[in-house]
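A look at the structure
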Amino acid sequence: MSRDSDAQLPGDEALPGTLPEPLRAELIAFRRDLHMHPELGNQEFRTTAAIKARLEKAGLEPRVLDTGTGLICDVGSRSGDPRPMLALRADIDALPIPDTKAGVPYRSTVPDRAHACGHDIHTTSVLGAGLVLAELDRRGLLPNPVRLIFQPAEEVLPGGAPDTIASGALEGVGRIIGVHCDPKVDVGRIGLRVGAITSACDRLEVSLDGPGGHTARPHLTTDLVTAAAKVATEVPALLARRVDARAGLAVTWGRLEAGHACNVIPQHAELSGTVRCLELAAWREAPDLVHAAIDEVAGMHGAKTLINYVRGVPPVVNDAAVIDLLAEAMTARRGSYAIEDTEQSLGGEDFSWYLEHVPGAMARLGVRTPGDTARLDLHRGDFDANEEAITVAVELFTASALLDGNHP
């Protein structure tokens, strides 16, 4: 259900804040403009300007973050009300991959850049929610102020969230919510989960060095090709025996480079990959465990190691009370049938940094057209979303803002 008359506040009052048709059409056009002009993390100047201009047109006063891209904007006046605000968060950056979609007028116009993770949907949804809530505030129907957070650089480890927080985004905020596009969930539905919904993700870079030489005399060298191969295969296996399997600590390599000629043992080799972890406690121990395992395996082959372990993001751990708020909001808008359970993924999300400071939750937003068998996935050049998801997210956000006072 999506009509105002179908959704109820406590006391049987109709819940306002559904998306008017003219604004729905405007938001779709806004999303398509973002999709055509994707910008990478910390380079989102055009995107920031577009969001800022639309909020100012609505009479709001957005503030660009100290980093130069991204912005925050409060909707509603506090009027001495000490209650903390609910924050709505969107990420605004794109990915460095080509847009390979065919037959759509909003395909990326920027070479090797694409909104292939749905951040254009997230951004447009928070913008739309802000515009609807601003109108409700003018009508005296917004019970408590709401903060809009448009965050840059989610795709750049450790994410743009720490800089956004440093810019004051969470000052006065008591809870924070967000959504992430999910191509495995039908549009019109959301996926909810209490506890960890994503995993920790760090970046790992390893250099191996030693005297090379002729492949006819490997006994006179440090065989770095073999050493690199052993690190690639044995380090993940070794870690699997040193950490509780339920922690889900996994090293996965994405690059291995060594040598230039078939008859020369090289003096240098490199590996890089990711470290992912399901549990927060194990994630905190991961750097020491990974360092020790690499040194042990490489040392068996006489290779010297240089390890660059780059902290990424902890898991997103959804607060139970905030999940209750999202469930109530979605039920009010579209009925309980529009909610499904969702699993923890191995993907990382820097929304987790906000949850180190305030309770919050992220919902999975369905973007798949019902019956579609294309099996599109995130971070692929052909990724696209059913734009009805914008309406769903706007209504979820606005209902959450209206009902937030019912969840102490």
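Presented here is a report on the structure given in the accompanying data block. Since we're looking at a predicted model, the values are computed, not measured.

**As for the pattern of salt bridges**
One pass over the structure, following the stated rule, counts 30 salt bridges. Where K52 meets E56, a salt bridge forms, and the shortest distance between an N and an O atom there is 2.7 Å. With a gap of four residues between them, K52 and E56 both fall in helix α2 (residues 45-57), about one helical turn apart. Residue K52 is classed as partly exposed on the basis of its relative accessible area of 27%. For E56, a relative accessible area of 40% corresponds to the partly exposed category. The salt bridge involving R255 is made with E257; its shortest N-O contact spans 3.3 Å.

**Brief notes about the sheet that holds strand β14 (residues 268-277)**
The strand order across the open sheet formed by four strands is β12-β14-β10-β15, and the pairing between neighbours is antiparallel. Each of the sheet's edge strands pairs with one partner strand only, and the pair in question is β12 (250-258) and β15 (304-313). Each strand of the sheet is rotated relative to its neighbour by a mean of 15°, with strand direction disregarded. Note: strand β10 (residues 200-209) against β15, eight bridges, orientation antiparallel. For S207, the partnering residue across the bridge sits in β15 and is L306. Against the sheet, helix α5 (residues 224-240) contacts β10, β12 and β14, and its axis sits at roughly 175° relative to β12. Sitting on the sheet, helix α6 (residues 280-300) is in contact with β10, β12, β14 and β15, with an inclination near 165° to β15.

Quick notes on the rules
Residues numbered from 1 in each chain as written. Predicted model: local features only at pLDDT ≥ 70, side-chain atom pairs only at ≥ 80, totals over all residues. Heavy atoms only, no water. Salt bridge = Lys/Arg side-chain N within 4 Å of Asp/Glu carboxyl O. Helix = DSSP H or I, 4+ residues; strand = E, 2+ residues; numbered from the N terminus. Buried < 20%, exposed > 50% of the residue type's maximum accessible area, 1.4 Å probe, protein only. Pairing = 2+ DSSP bridges. Axes fitted to C-alpha atoms, helices over the stretch in contact; angles between N-to-C directions. Contact = heavy atoms within 4.5 Å.

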